[in-house]
Amino acid sequence: MSQATTAPAAGTALAPVATVTPNTTPAGETNTANNTAYLNGAATSTNITINAPTTQLANVYTTVSATPQAVAAGSTVTVTVTQGNAGPSAAANVVETVQLLPGLTITTLPSGATYNTTTGLLTLPTIASQASGASTSYTIAFTAPANAGNNGQLLISASATTQTSETVVADNVASTVVTVTPTADVATFVSGPANASA
């Protein structure tokens, strides 16, 4: 028979002992010396060493917002991206990316960031080690395109990754939508003779 148990905190003494009690009188059992067993057949109680976990666990996350969320084509859209680590351990090699439309005119680009005009992927500088509780915010600005497509709905998605194992991955992605309204220039004119007789 096997028995599973939750390991106690590091540094706690744990000495497994198994004891069986027969459903009979002591006189009815031939050998009571083997009714108690210790870890791995030891003759006496033996402590197990409880070590602290060695696996580092982080929880990187990201948020994204845009202002204004309804804008005319040709106007400026400002995007704020926040990336952080909720811990409990430091996060290694954190990479934050923002998916935009291809071919945008970027007017504000964070230092060290790159924007691929073909794919629309904006990659922010890698953070070699981000401490638990730390966060970084970035500001990106671009000119709202006239051809946003999808009825003017422009999706902006942010994603954060790390090489450190994570406790939660659901908060690694965030998105927001900007509605772009096409601009128009209607005109009218009047034609007729310059002179007319009554």
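As a reminder, the structure under discussion sits directly above these lines.
Below you will find a few notes about this structure.

About the thresholds
Residues numbered from 1 in each chain as written. Predicted model: local features only at pLDDT ≥ 70, side-chain atom pairs only at ≥ 80, totals over all residues. Heavy atoms only, no water. Helix = DSSP H or I, 4+ residues; strand = E, 2+ residues; numbered from the N terminus. Buried < 20%, exposed > 50% of the residue type's maximum accessible area, 1.4 Å probe, protein only. Contact = heavy atoms within 4.5 Å. Areas by Shrake-Rupley, 256 points an atom, 1.4 Å probe, with all protein chains shown as cover. Pairing = 2+ DSSP bridges. Core = buried A, V, L, I, M, F, W, Y, C linked by side-chain atoms within 4.5 Å. Axes fitted to C-alpha atoms, helices over the stretch in contact; angles between N-to-C directions.

**Thoughts on the overall build of the chain**
The helix and strand tally for the chain stands at zero helices and 15 strands. Looking at the chain as a whole, 27% of its 198 residues qualify as buried. Taking contacts inside the chain between residues at least 6 apart in sequence as the whole, the part at least 24 apart equals 68%. Summed over all atoms, the accessible surface of the chain reaches about 12,400 Å², with 54% contributed by carbon and sulfur.

**Quick word on the environment of threonine 55**
Here threonine 55 is to be found in the loop between strand S2 (36–38) and strand S3 (57–58). Along the chain, threonine 55 and serine 165 lie 110 residues apart, while their C-alpha atoms are 7.9 Å from each other.

**So, the pairing of strand S12 (residues 135–143)**
Sheet topology places strand S6 (residues 76–85) next to S12; nine bridges connect them, and they run antiparallel. Considered in S12, the bridge of valine 79 is made with isoleucine 140. Here strand S8 (residues 105–108) pairs with S12 via three bridges, running antiparallel. Note that in S12 the partner of threonine 105 across the bridge is threonine 143.

**Side note on the nonpolar core**
The biggest cluster of nonpolar side chains holds 31 residues, and the ones touching the most others in it are Val79, Val98 and Ile156. When contributions to this core are tallied by element, the ones reaching two or more residues are strand S4 (60–67), S6, strand S7 (91–99), S12, strand S13 (153–161) and strand S15 (173–181). Leaving out residues up to four positions away in the same chain, isoleucine 156 has contacts with Val64, Ala66, Val79, Val98, Gln99, Leu100, Phe142, Ala174, Ser175, Thr176 and Val178.

**Some thoughts on the sheet that holds S12**
In sheet architecture, strand pairing relies on hydrogen bonds along the backbone and comes in two forms, parallel and antiparallel. An order of S4-S6-S12-S8 is seen for the four strands of this open sheet, with the pairing classed as antiparallel. Both edges of this open sheet fall to S4 and S8, since each of them pairs with a single strand only. Direction aside, the axes of adjacent strands within the sheet are offset by 30° on average. Note that S4 and S6 share eight bridges and pair antiparallel. Pairing of valine 60 across the sheet is with asparagine 85, part of S6.

**What to know about the environment of threonine 107**
Within the secondary structure layout, threonine 107 lies in strand S8. By relative accessible area, threonine 107 is classed as partly exposed at 48%.

**Some remarks on unusual backbone geometry**
In this structure, the amide linkage connecting threonine 67 to the following residue, proline 68, adopts the cis form with an omega of -10°. If you trace the backbone, proline 68 turns up in the loop between S4 and strand S5 (70–72). Here the phi dihedral of asparagine 150 falls at roughly 50°; this positive angle occurs in a residue that is not glycine. Along the polypeptide, asparagine 150 turns up in the loop between S12 and S13. The phi dihedral of asparagine 151 is positive, around 55°, even though this residue is not glycine. Within the element layout of this structure, asparagine 151 appears in the loop between S12 and S13.

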